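# Architecture and fold: a report
Below, each chain spelled out in residue letters.
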Amino acid sequence: MRASPAPTPSRRSVLAGAAVAATAVALPVAAPAAAHAASRRTEEVQGAEPHRWRTAAIGGTGFVTGLLFHPSVKGLAYARTDIGGAYRWDDTRSRWTALTDQLGWDDWNLLGVEALAVDRAHPDRLYLALGTYAQSWAGPGAVLRSEDRGATWTRTDLTVRLGANEDGRGAGERLLVDPRDSEQLWLGTRHDGLLRSTDRGATWASADFPAAPSANGQGVMFLVAAGRTVYAGWGDGSTPLYRTNASGGWEAVPGQPSGGVAASKVPIRAAYDTNTRALYVTYADAPGPNGQSDGSVHRLDTVTGSWTDLTPVVPDSGAGDGFGYGGVAVDAGRAGTVVVTTNNRWSQIDTLFRSTDGGATWTSLKDTAVLDVSETPYLRWGGDTAKFGWWIQAVAIDPYDSRHIVFGTGATIFGTRDLVHWAPQIRGLEESAVRFLIAPPTDGARLLSGLGDIGVMYHESLTASPSRGMASNPVFGTATGLALAALKPSYVVRTGWPSGSSAAGAYSDDGGSSWQPFAAQPAIAASAPGPVAVGADGATLLWSFIHWDGTKYPAHRSTDNGATWTEVATFPRGGTPVADPLDLKRFYVYDTDTGAVFLSTDSGATFTQGATGLPSGDSQFKLAAAPGRSGDLWLSAKDNGLFRSTDGGVTFTAMAGCQASHALGFGKAAPAGRRGNQGAGHQAHASYPAIFQTGRVSATFDGVAVLRSDDAGATWVRINDDTHQWGWTGEVITGDPRVHGRVYLGTNGRGIQYADPE
């Protein structure tokens, strides 16, 4: 449910029904030791420094759109997400392994997984259909294929777009290995019909299909094998279900439901019971995950062709209980045992219905569920208890353990092994979209983070989910601001979209461990919360306001801890305020509309124009102040490069050799012996903080990379590698003021990555 990171995409037109030209590209090895050693040798030649990268533990936090147990291998499962890539379940370690971190900056649109597929006859084969957005501004999708369960990949680029983060993303798998021929694969698209490959995904071409694609439709919702027959769900028009026929073509399924929801609504998912030869299909009145208010469940006897309505509970939107049906899974070990999920049932909370008699009777598993979220406390959402789930469109039953059921939600994967006790089965899967990162300079939190959808977190550890859960009093959805007083680090402020109240701002006197809402807030705050800054001593707050649609409002200032607020007329609307880390009276703001920096020397009461003629026109340009110095500013202007001011924003100078800078932060200065390693003449920067950025310095690496400089930007080393890229990483990065070389990097769907030099 998060927005595009919005790097400048190439614009390509989508031609419905066009033939698909494909190009095969070999991808780097994900992690084997020999390849890692070779990668390190390459890095040393190119001016890189090997780092050990890890993911900070929170536990999920995003929409898990697909779950699949391998039918032929015990303990092997896969998961897909809408913006955070794909994962493989490691049963011996009880954790997920990320499979797509090698996708880099230019491939940001491929971090969304539209579908995945396995081959029953070849257990090591895995296929992924990638593409986050199907809009004209997004790049085409791709298919990855692996012979070693995702350890290494071969890539085929498509000319059509896929939509893993669009409506319908929780529908069934749109990618399928043909049950009659492992060489043949099918791929259902949203706007370009059905595609077929006869060489295991190396090349693709349009396949004849009875339904015509639409530029604005859902297209193919799922592909499911039922014996040697393939069924396809169709999201547009009055015929929702098709199947392959004896001649090799496709036909509408005879006798499919012609009344009620199933006749005019969207088929969401299907599952086939090989023991009873029954196909179960779920329907809803919208593709989901939002907007559903009606739905049903039907069973097709594939031998007789007869259909039966099995809907466990009929939705009743008129009585406040509208919802759709989503996930469906069958038990390979028990004939007639099936599980279906409700979706978008906000009033009575979504549930799983389980039947052991082919759908004749149902039991709600939520009604007897005992939830344990102690490993991921944020799931309590600032309250005392956790919810059973929402956005439940993915469910799977372990084919080797009938009581092992897992289902995905908008934030986690719940699992059970006794049908009663449920807990997150989420270790290793991190999907946060990270907005802010602060590494405090004193004891307390290791890290403070501001995230999309789940507010602010206090990380006392990087290897366990924050014990306090989401920052509460108040609870936010997406964080819009997070700031710490440089000379009083116990004082922290945060802003964000309200959740459960109208409060959009809060302060902490204990480093973010506990919070109090501002006693008052400007009238616009709840509907347009924007970034916030706090003066070095914590005495002055500056709060900017911008609506989600881009409308900008006047900034406000408080000198009494948020009890009263005054409009600052001279502050550029919508700008991001920055406090000087030493001078209590200095604040800065970069006006991205005009390319000018505005300065305040009276604690933010008024602003005057400083440097002009800087890059403009992009709200993602960022201004940062170097810690421990007054008036030392750095401007990341994306592909316009990196600029520095040492006179408090009056003038700026372009940093030679840096072709692009997207996000920039600071950490502890290098020890004296380490600074000399970056070249002669750097002792003038003996105490200068380490600088980290995501950017491009061609002398170091000809591409966007994670970089560090220990000599005030004179030279840079690459600190990530080709197996650790995570798509778009242009929002936030920071070093650690207590540990030289440690870096924290925010991703858009792969959580918080952190690293130390090896």
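Below: a short report on this structure. Predicted model, so just to flag it, every value in this text is computed and none were measured. For every chain, the first residue of the written sequence is number 1, and numbering continues from 1 onward in sequence order. Local features in this predicted model are restricted to residues whose pLDDT is 70 or higher, and side-chain atom pairs enter the listing and the counts only when it is 80 or higher, whereas totals over whole chains, interfaces and linings include all residues. The side-chain quantities take in all heavy atoms of the structure and omit both hydrogens and water.

Assigned secondary structure in the protein chain consists of 3 helices and 57 strands. Throughout, the radius of gyration refers to the C-alpha atoms, and the reference size of a globule is 2.2 Å times the residue count to the power 0.38. Relative to a compact globule of 758 residues, whose C-alpha radius of gyration would be 27 Å, the protein chain shows 27 Å and is just as compact. Dimensions of the protein chain, computed from the C-alpha atoms along their principal axes, are close to 80 × 60 × 45 Å. Each residue's exposure class comes from its accessible area (1.4 Å probe, protein chains only) as a fraction of the maximum for that residue type: buried when under 20%, exposed when over 50%, partly exposed otherwise. Burial analysis of the protein chain (758 residues in total) assigns 60% to the buried set. Contacts are assigned to residue pairs with any non-hydrogen atoms lying within 4.5 Å of each other. Pairs at least 24 residues apart make up 54% of the contacts formed inside the protein chain by residues separated by at least 6 positions. All accessibility values rest on the Shrake-Rupley procedure with a 1.4 Å probe; residue burial counts only the protein chains present in the view. As displayed, the protein chain offers around 26400 Å² of accessible surface, 48% of which is attributable to carbon and sulfur atoms. Numbering of helices and strands runs from the N terminus, with a helix taken as a DSSP run of H or I at least four residues long and a strand as a DSSP run of E at least two residues long.

Summarising burial for strand E57 (residues 752–757): 5 of the 6 residues are buried, a large majority. At least two DSSP bridges between two strands are required for those strands to pair. For strand E2 (residues 51–55) and E57, the ladder comprises 5 bridges, and the chain directions are antiparallel. Residue pairing across strands places histidine 51 opposite proline 757, the latter belonging to E57. Counted along the chain from strand E56 (residues 743–746) to the antiparallel partner E57, the turn is 5 residues long, and its residue glycine 749 has a positive phi close to 130°.

Between glycine 288 and the following residue, proline 289, the backbone shows a cis peptide bond with an omega angle of 5°. Take proline 289: it is sitting in the loop between strand E20 (278–284) and strand E21 (295–301). Each neighbour pair has its own omega, and for asparagine 473 with proline 474 the value is 5°, a cis peptide bond. Relative to the elements of secondary structure, proline 474 occurs in the loop between strand E34 (455–459) and strand E35 (476–485). Here aspartate 453, not a glycine, exhibits a phi torsion of approximately 75°, which is positive. Here aspartate 453 lies in the loop between strand E33 (447–451) and E34. Of note, lysine 638 is a non-glycine position whose phi angle comes to about 55°, a positive value.

This next bit is on the sheet that holds strand E24 (residues 338–343). Taken in spatial order, the 4 strands line up as E23-E24-E25-E26 in an open sheet, and their pairing is antiparallel. Taken across any chain shown, the strands that pair with only one partner, and hence form the sheet edges, are strand E23 (324–330) and strand E26 (363–364). Strand direction decides the pairing type here: strand E25 (residues 352–355) and E26, joined by 2 bridges, are antiparallel. Of the residues in E26, the one forming a bridge with arginine 354 is threonine 363.

Turning our attention to the nonpolar core. To form a nonpolar core, buried Ala, Val, Leu, Ile, Met, Phe, Trp, Tyr and Cys residues must be joined to one another through side-chain atoms within 4.5 Å. Counting 36 residues, the largest nonpolar core has Leu352, Tyr378, Ile405, Phe407 and Trp422 as its most contacted members. For this core, the secondary structure elements donating two or more residues are strand E28 (394–397), strand E29 (405–408), strand E32 (434–438), E33 and E57. For tyrosine 378, the residues in contact, after removing those within four places along its chain, are Ile58, Gly59, Gly60, Thr61, Ala411, Ile454, Met457, Ser465, Gly469 and Met470. Within the second largest apolar cluster, 18 residues are counted, among which are Met221, Ala226, Leu241 and Tyr283.

Okay, the packing of aromatic side chains next. Planes of paired rings set the category: under 30 degrees apart is stacked, over 60 is edge-to-face and the rest tilted, where pairs are Phe, Tyr or Trp rings (Trp by its six-membered ring) whose centres lie within 6.5 Å. One pass over the structure, following the stated rule, counts 27 aromatic pairs. Taken together through their ring pairs, the aromatic side chains of Tyr491, Tyr507, Phe518, Trp543, Phe545 and Trp565 make up a single cluster. Comment: the charge-over-ring label is applied if NZ (Lys) or CZ (Arg) is within 6 Å of the ring centre and within 35 degrees of the ring normal. A cation over a ring is seen here: arginine 494 above phenylalanine 476, with NZ or CZ 4.5 Å from the ring centre.

Right, let's get into the side chain of asparagine 344. Residue position: asparagine 344 is located in the loop between E24 and E25. Under the relative-accessibility criterion, asparagine 344 is labelled buried at 9%. In protein, a polar contact requires one atom able to donate a hydrogen and another able to accept it; more generally it is a pair of N or O atoms within 3.5 Å, and residues adjacent in sequence count only if both atoms are side-chain atoms. In terms of polar contacts, asparagine 344 uses its side chain to reach the backbone carbonyl oxygen of glutamine 292, at 2.8 Å. A distance of 2.7 Å separates the side chain of asparagine 344 from the side chain of tryptophan 346, its partner in a polar contact.

Let's shift gears to a nonpolar patch on the surface. Distance thresholds for patches are 9 Å for like charges and 5 Å for nonpolar side chains (Val, Leu, Ile, Met, Phe, Trp, Tyr), applied to residues having over 30% relative accessible area and no salt bridge. By definition, a salt bridge exists where a carboxyl oxygen of Asp or Glu is found within 4 Å of a side-chain nitrogen of Lys or Arg. Side chains of Leu487, Leu582 and Leu584 sit close together on the surface and give an oily, nonpolar patch of about 240 Å² of accessible area. Following the sequence through the fold, leucine 582 ends up in the loop between strand E43 (577–579) and strand E44 (587–591). For leucine 582, a relative accessible area of 38% translates into the label partly exposed.

Moving on: the environment of lysine 622. Mapping lysine 622 onto the fold places it in strand E47 (residues 622–625). Beyond its immediate sequence surroundings of up to four residues, lysine 622 is in contact with Trp634, Leu635, Ser636, His662, Ala663, Gly730 and Glu731. One polar contact links the side chain of lysine 622 to the main-chain carbonyl oxygen of histidine 662, over a distance of 3.1 Å. Looking at lysine 622, its side chain comes within polar contact range of the main-chain oxygen of glycine 730, at 2.9 Å.

This brings us to the pattern of salt bridges. According to the stated counting rule, one finds 30 salt bridges in the structure shown. Salt-bridge contacts for glutamate 147 lead to arginine 200; the nearest nitrogen and oxygen are separated by 2.6 Å. Placement of the pair is glutamate 147 in the loop between strand E9 (142–146) and strand E10 (154–157) and arginine 200 in the loop between strand E13 (194–197) and strand E14 (205–206), with a sequence separation of 53 residues. A salt bridge links arginine 586 to aspartate 583; its shortest N-O distance comes to 3.3 Å. Within the structure, one salt-bridge network assembled from shared partners comprises Asp119, Arg125, Glu147, Glu183 and Arg200.

Consecutive side chains along a regular strand alternate between the two faces of the sheet. Of all 5 residues in E33, 5 are buried; the element is thus mostly enclosed. Of the two faces of E33, the one lined by Leu447, Ser449 and Leu451 and the one lined by Leu448 and Gly450 are each fully buried. Taken together, the 4 bridges between E32 and E33 define a ladder with antiparallel strand orientation. Each residue of the ladder has a partner; that of leucine 437, found in E33, is serine 449. Looking at chain direction, E33 and E34 are connected through 5 bridges and run antiparallel. Within the sheet, the bridge partner assigned to leucine 451 lies in E34 and is glycine 455. The turn linking E33 back onto E34 is made up of 3 residues, and aspartate 453 within it adopts a positive phi angle of 75°.

In this structure, arginine 345 sits in the loop between E24 and E25. For arginine 345, a relative accessible area of 6% gives the class buried. A distance of 3.5 Å separates polar atoms of two side chains, one belonging to arginine 345 and the other to glutamine 348.

Looking at where histidine 459 falls in the secondary structure, it is placed in strand E34. For the pair histidine 459 and aspartate 756, spaced 297 residues apart in sequence, the C-alpha separation works out to 17 Å. Non-local contacts of histidine 459, meaning those with residues more than four positions away in its chain, are made with Ala57, Ile58, Ala445, Arg446, Leu447, Leu448, Ser449, Pro466 and Ile752.

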